[in-house]
Amino acid sequence: MIQVQRPSIGDEELAEVKKVFDTGWLGMGKWVFDFENRIKEILGAGNVVAVNTGTTALHLALDSIGLKEGDEVIVPSLTFVATIQAIVACGAAPVFCDIDGDTLNMDAGDVEKRITARTKVIMPVHYGGLPCNMNEILRIGKEKNLTIVEDAAHAFGSSYNGRKIGAFGDITCFSFDPIKNITCGEGGAITTNDYELAQVMRKKRILGIDKDTWSRFGQKRDWFYSVNMLGFRYHMSNINAAIGLMQLEKLGRFLNRKRGIVERYDKAFRGLSGIGILRKDYENTAFFSYILKIESKRDEFIDFLKSKGIDSGVHYIPNHLQPFFEKYATELPVTETVWKEIVTLPLYPDMSDDDVDLVISSVLEFCKQ
Ligand SMILES: *Cc1c(COP(=O)(O)O)cnc(C)c1O
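Every residue gets a number counted from 1 within its own chain, in the order that chain's sequence is written. Side-chain atom pairs in this predicted model are given and counted only at pLDDT of 80 or more, local residue features only at pLDDT of at least 70, and totals for whole chains, interfaces and linings cover all residues. By convention in this description, side-chain values take in all heavy atoms of the structure and omit both hydrogens and water.

(A) Structural view of the overall build of the protein chain. Looking only at helices and strands, the protein chain has 12 helices and 12 strands in total. In terms of overall dimensions, the protein chain is globule-like: its C-alpha atoms have a radius of gyration of 21 Å, near the 21 Å expected for 369 residues. Seen through its principal axes, the protein chain has C-alpha atoms that stretch 70 × 55 × 40 Å. Here the protein chain holds 369 residues, and 54% of them are scored as buried. Residues are treated as being in contact if the distance between any of their heavy atoms lies within 4.5 Å. Of the contacts made within the protein chain by residues no fewer than 6 positions apart, 71% connect residues no fewer than 24 positions apart. Total accessible area on the protein chain stands at roughly 15,800 Å², and carbon and sulfur atoms take up 51% of it. The way it works is that DSSP assigns letters per residue, a run of H or I at least four long becomes a helix, a run of E at least two long becomes a strand, and they are numbered from the N terminus. Within these notes, the globule rule equals 2.2 Å times the number of residues to the 0.38 power, and the radius of gyration is based on C-alpha atoms. Each residue is placed in one exposure class: buried if its accessible area under a 1.4 Å probe, protein chains only, is under 20% of its type's maximum, exposed if it is over 50%, and partly exposed if it falls in between. The protein chains shown are the only cover counted for residues, whose accessible areas, like all others here, come from Shrake-Rupley with a 1.4 Å probe.

Structure below.
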């Protein structure tokens, strides 16, 4: 079976993890801070705070800006459950907005219509790695005094207006789970140009404790600490950071390989009747996933691919259709139409040319039926 997504990991990651083992310091320490510094360099980000998942990055970001009960966050419904759970975990309400059917990114015009006196945050999700219309979204944020918290779980390595996602904007959250553009095994990071806010996040990620583990135990043998705020156990470990450090070295190769596959898919599928492809920006996108839109018989298409030994997925079931989030349901005509058409095809760095050929020929065969 050809999987939809899978990590590309090897001896380099194992060797680096071995070094962590040899020090006996598995928790947060040198590797985590090296990982943060390397991300800072690669993205040109102001401050980087590494955490243990993308979900905790989102929750920590929202908690750190004081999001609370009674507040509203404007967010697309077509996103991973984590985006919405992070909002609800703060006691706030997600206000779902519609998307652009050609990109699956939030529709900035629709966002503007959903702003109320309770709105505190806009959460763009850079779907598949393609940056949202950040010029518009940041303008709206500035005008209405709202914080923009980007869910950039798909977009590590993508660029916008000549800068990397995470280098500009208010707060950007990344995920390094097993299938993301790079992996730490599990991991996440927050970037922000607000130093004071980053300092709050650094405390909150480790139970509100006012010194990080390294300076507490590792270097100064300074046993004193104080707790002045709510905090969580969200910090990254050296083991995960060691994996991530080696993955960062491979990022360019991963993204080039995936871009090449995306270009082949697009060339093969563009113009096929009954099939739609998303609008692309090859130059600036760190492609996370590949989506086809099948105008009818989407579910049969998925079964057909399975019969050829090809796995596929649906990303995502809109969150307003989930029982737990039903009470936030609202009219989302594009989301409701598009989610019934989308299929995620296999895309990962170690995918062979033969596998790509099989996916292409199988899609063409389905279309001829
Ligand atoms: C993966 C993902 C997350 C959460 O990241 P984890 O590291 O899996 O917790 C959040 N939002 C989106 C859009 C994602 O794809």
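Now, onward.
(B) Here's a closer look at the site of the ligand. Near the ligand there are 17 residues, and of these Thr55, Asp151, Ser175, Asp177 and Lys180 occur at the shortest range. Any pair of nitrogen or oxygen atoms within 3.5 Å is treated as a polar contact; in protein, a donor-acceptor pairing is required on top of that, and neighbouring residues in sequence qualify only through side-chain atoms on both sides. Here a nitrogen atom of the ligand and a side-chain polar atom of Asp151 are 2.7 Å apart. Within the side chain of Tyr316, one N or O atom sits 3.4 Å away from an oxygen atom of the ligand. In the complex, the protein chains occlude 93% of the 380 Å² of accessible area that the ligand would expose alone. Looking at the shell around the ligand, the elements that each hand over two or more residues are α3 (54–64) and α4 (81–89). Definition of nearness: a residue and a molecule or strand are near each other if at least one heavy atom of the residue lies within 4 Å of the molecule or strand.

(C) Layout of the domain arrangement of the protein chain. Taken domain by domain, the protein chain consists of domain 1 (11–248) and domain 2 (251–368). The domain boundaries here were taken from an automatic or database domain assignment. Taking only C-alpha atoms, the centre of domain 1 and the centre of domain 2 are 26 Å apart. On the domain 2 side, the residues contacting the 38 residues of domain 1 number 32 residues. Values labelled buried area give the accessible surface lost by two parts on being combined, using a 1.4 Å probe and summing over both. Of the roughly 3,000 Å² buried where domain 1 meets domain 2, counting both sides, 60% is carbon and sulfur surface. Definition used for salt bridges: Asp or Glu carboxyl oxygen within 4 Å of a side-chain nitrogen of Lys or Arg. Between the two partners, domain 1 and domain 2, sit two salt bridges.

(D) Up close: the layout of surface pockets. Empty space within the largest pocket amounts to approximately 320 Å³. Lining residues are those with an atom within 4 Å of a point, where the points come from a 1 Å grid over the protein atoms alone and group into cavities, where a 1.4 Å probe fits but cannot get out, or pockets, open sets with protein on both sides within 12 Å along at least five of seven lines. In terms of lining residues, the largest pocket is bounded by 26 residues, among which Phe80, Ala153, Asp177, Lys180 and Tyr316 are the most central. The set of elements that each furnish at least two residues to the lining of the largest pocket consists of α3, α4 and β8 (171–175). Asp, Glu, Lys and Arg are counted as charged, while Ala, Val, Leu, Ile, Met, Phe, Trp, Tyr, Cys and Pro are counted as nonpolar; the rest, among them Gly, fall into the polar class. When the residues that make up the lining of the largest pocket are grouped by side-chain class, the tally is 11 nonpolar, 11 polar and four charged. Taken together, domain 1 (11–248) and domain 2 (251–368) each give at least three residues to the lining of the largest pocket, which thus spans both. Grid points are joined across faces, edges and corners, and a volume is the space filled by probe spheres set on the points.

(E) Just the pairing of strand β3 (residues 93–97), in detail. Among the five residues in β3, four count as buried, and that is most of the element. Each parallel crossover has a hand, and the one from strand β2 (residues 72–76) via α4 to β3 is right-handed. Look down the strands so they point away from you; if the path from the first strand over the helix to the second goes clockwise, the crossover is right-handed.

(F) Up close: the sheet that holds strand β12 (residues 342–345). Two strands qualify as a pair provided that DSSP identifies no fewer than 2 bridges between them. Strands sit in the order β10-β11-β12 across an open sheet of three strands; the sheet is antiparallel. Two strands in the sheet have a free side with no partner beyond their single neighbour: β10 (275–277) and β12. Taking each pair of neighbouring strands and ignoring which way they run, the sheet shows an average axis angle of 35 degrees. In this structure, strand β11 (residues 290–294) lies alongside β12, joined through four bridges in antiparallel fashion. Considered in β12, the bridge of Ile291 is made with Thr344. Interaxial angles span 0 to 180 degrees and are taken between N-to-C directions of axes, which are lines fitted to C-alpha atoms, for helices over the stretch in contact. Most of the contacts of helix α10 (residues 298–307) go to β12, to which it runs at about 20 degrees, and overall it touches β11 and β12.

(G) View of the pattern of salt bridges. Counting across every chain of the model gives 26 salt bridges. Taking the shortest distance from any N to any O, the salt bridge between Lys204 and Asp63 comes out at 2.8 Å. Here Lys204, found in helix α7 (residues 195–204), pairs with Asp63, found in helix α3; they are 141 residues apart in sequence, far enough to count as distant. For the pair shown, Lys204 and Asp63 are each scored as buried. Ionic pairing is found between Asp71 and Lys68, a salt bridge with its closest N-O pair at 3.7 Å. A residue is classified by how much of its surface remains accessible, and Lys68, at 47% relative accessible area, is partly exposed. Shared partners join several salt bridges into a network, and the residues in it are Glu112, Glu136, Arg139 and Glu143.

(H) Broad picture of the nonpolar core. Core analysis: the largest hydrophobic core is formed by 47 residues, its most contacted members being Phe35, Ile39, Phe156 and Phe176. Contributions of two or more residues to this core are made by α1 (11–23), α2 (30–43), β1 (47–51), β3, α5 (108–113), α6 (134–144) and α9 (238–269). The dominant element in this core, judged by the number of residues it contributes, is α9, at eight residues. If you count residues domain by domain, this core takes at least three from each of domain 1 (11–248) and domain 2 (251–368). Residue contacts for Phe156: discarding those within four places in its chain leaves Ile39, Leu43, Phe174, Phe176, Asn181, Ile182, Leu248, Leu251, Leu255 and Ala286. What we call a nonpolar core is a set of buried Ala, Val, Leu, Ile, Met, Phe, Trp, Tyr and Cys residues that are connected through their side-chain atoms within 4.5 Å.

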